[in-house]
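Residues per chain, in single letters:
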Amino acid sequence: MLSGELAELAGVTVRTLRHYHQIGLLPEPPRSAGGYRHYDVGHLVRLLRITRMTALGVPLSALPAVLDDPAAAEELLDELDRRAAADIERLTARRAIIAALRRSGAPPDLPPELSTWRSAAAGMPADMARYEHEQLILLGHLLGKDGPAGVAALFGEADGMAAYAPLTARFYALDPDTPDDEVASLIDELVAHLRPMMARLAGLFPLDAQASALLDELNRQTLRPVQHRVLRRLQQRLAMPDGS
């Protein structure tokens, strides 16, 4: 039989046949006077064995060692089973994350545990909504694998940023024309609301200097100067024992 006939019988492409020849997985058959390869049933059987094993997940590089060695094939099956079990565990975890995203209504690029921390401020400007979204994504990464879930467990589902909607709305409305006394009042109220939260978080999810610098860089790139100054002053106040 010719290359096209063999490929069709085995359910592969002629290009795949050529690749198997190149890597030495399938012996080259003799050629006719016209230069055509002529395959026999032995080639078909070996090709069917190859396709069967690759369908199980056996890498091409491992096939030469196992095609004609039952003991090697048995060991490889054990390894394939371990890999399949790991794949199932990973996919089960992925489905659980997808289900949590659906329940929370969170976007897929945000850890579902942090979705309740999205601001509930009505009429939030688009640039501030984007900033908050990017901030949560960065924070979720900086907190580590278990950090977002730890935050959610610490504060509970209902204790997200919705409780601070009036304050966040005032923060997002800050502009160069905002009176100094309004800025100072907002800082005082933010300190009063955030200090208990920071006390509960202290020591549980520490951020190193690089993480703090990355968050500060995001603030500088996105926020208005007055908003960035408020955040820096807020951080300073929260770092002081009495918040003064």
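Quick notes on the rules
- Residues numbered from 1 in each chain as written.
- Predicted model: local features only at pLDDT ≥ 70, side-chain atom pairs only at ≥ 80, totals over all residues.
- Heavy atoms only, no water.
- Helix = DSSP H or I, 4+ residues; strand = E, 2+ residues; numbered from the N terminus.
- Contact = heavy atoms within 4.5 Å.
- Areas by Shrake-Rupley, 256 points an atom, 1.4 Å probe, with all protein chains shown as cover.
- Expected span 1.5 Å × (residues − 1).
- Buried < 20%, exposed > 50% of the residue type's maximum accessible area, 1.4 Å probe, protein only.
- Arc of directions from axis to C-beta.
- Axes fitted to C-alpha atoms, helices over the stretch in contact; angles between N-to-C directions.
- Parallel < 35°, antiparallel > 145°, perpendicular 65-115°, else oblique.
- Nonpolar A, V, L, I, M, F, W, Y, C, P; charged D, E, K, R; others polar.
- Core = buried A, V, L, I, M, F, W, Y, C linked by side-chain atoms within 4.5 Å.
- Polar contact = N/O pair within 3.5 Å; in protein donor to acceptor, adjacent residues only side chain to side chain.

### A closer look at the overall build of the protein
Secondary structure assignment for the protein yields 11 helices and 0 strands. Its helices and strands in sequence order give the protein the pattern α-α-α-α-α-α-α-α-α-α-α, from N to C terminus. The contacts in the protein between residues at least 6 apart in sequence include a share of 60% that link residues at least 24 apart. With the model as given, the accessible surface of the protein reaches about 14,900 Å², and the carbon-plus-sulfur share is 57%.

### Let's talk about helix α10 (residues 209-222)
The end-to-end C-alpha separation of α10 is 20 Å, in line with the 20 Å expected for 14 residues at 1.5 Å each. Within the span of α10, buried status applies to Ala-211, Leu-215, Asp-216, Leu-218 and Asn-219. Along the axis of α10, the buried residues cluster in a sector spanning 155 degrees; they form a single face. Along α10, the residues that are exposed and aim more than 90 degrees away from the buried face are Ala-209, Gln-210 and Gln-221.

### A word on the packing of helix α6 (residues 126-142) against α10
Running from amino to carboxyl end, α6 crosses α10 at an angle of 170 degrees, the nearest separation of the two axes being 11 Å. For the element pair α6 / α10, the angle class is roughly antiparallel. Listed contacts from α10 to Asp-127, Met-128, Tyr-131, Glu-134, Gln-135, Leu-138, Leu-139 and Leu-142 of α6 are Ala-211, Leu-214, Leu-215, Leu-218, Asn-219 and Thr-222. A per-class count over the contact of α6 with α10 returns 9 nonpolar, 3 polar and 2 charged.

### Let's talk about the nonpolar core
Note on soluble globular proteins: their nonpolar side chains tend to be buried together. Formed by 26 residues in total, the largest nonpolar core has its most connected members in Phe-171, Leu-174, Leu-190, Val-230 and Leu-234. Taken together, the elements giving at least two residues each to this core come down to α6, α8 (165-172), α9 (180-201) and α11 (225-239). Among the elements that line this core, the one with the most residues is α9, at 7 residues. Excluding anything up to four places from it in sequence, Val-230 contacts Phe-171, Leu-174, Val-183, Ile-187 and Leu-190. Of all hydrophobic cores here, the second largest spans 21 residues; its members include Leu-17, Leu-25, Ala-62 and Leu-63.

### Quick word on helix α3 (residues 41-55)
Structurally, the α-helix is built with 3.6 residues per turn, so residues lying three or four positions apart point the same way. Counted at 1.5 Å a residue, the expected span for α3 with its 15 residues is 21 Å, and the 21 Å between its end C-alpha atoms agrees. Of all the positions in α3, only His-43, Leu-44, Leu-47, Ile-50, Thr-51 and Met-53 are classed as buried. Packed against the buried residues of α3 are α1 (3-10), α2 (14-22) and α4 (63-66). The N-terminus of α3 is capped by Asp-40, whose side-chain oxygen sits 2.9 Å from the backbone nitrogen of Gly-42. Within two residues after α3, Gly-57 carries a phi angle of roughly 105 degrees, on the positive side.

By themselves, these are just geometric observations and shouldn't be taken as functional.
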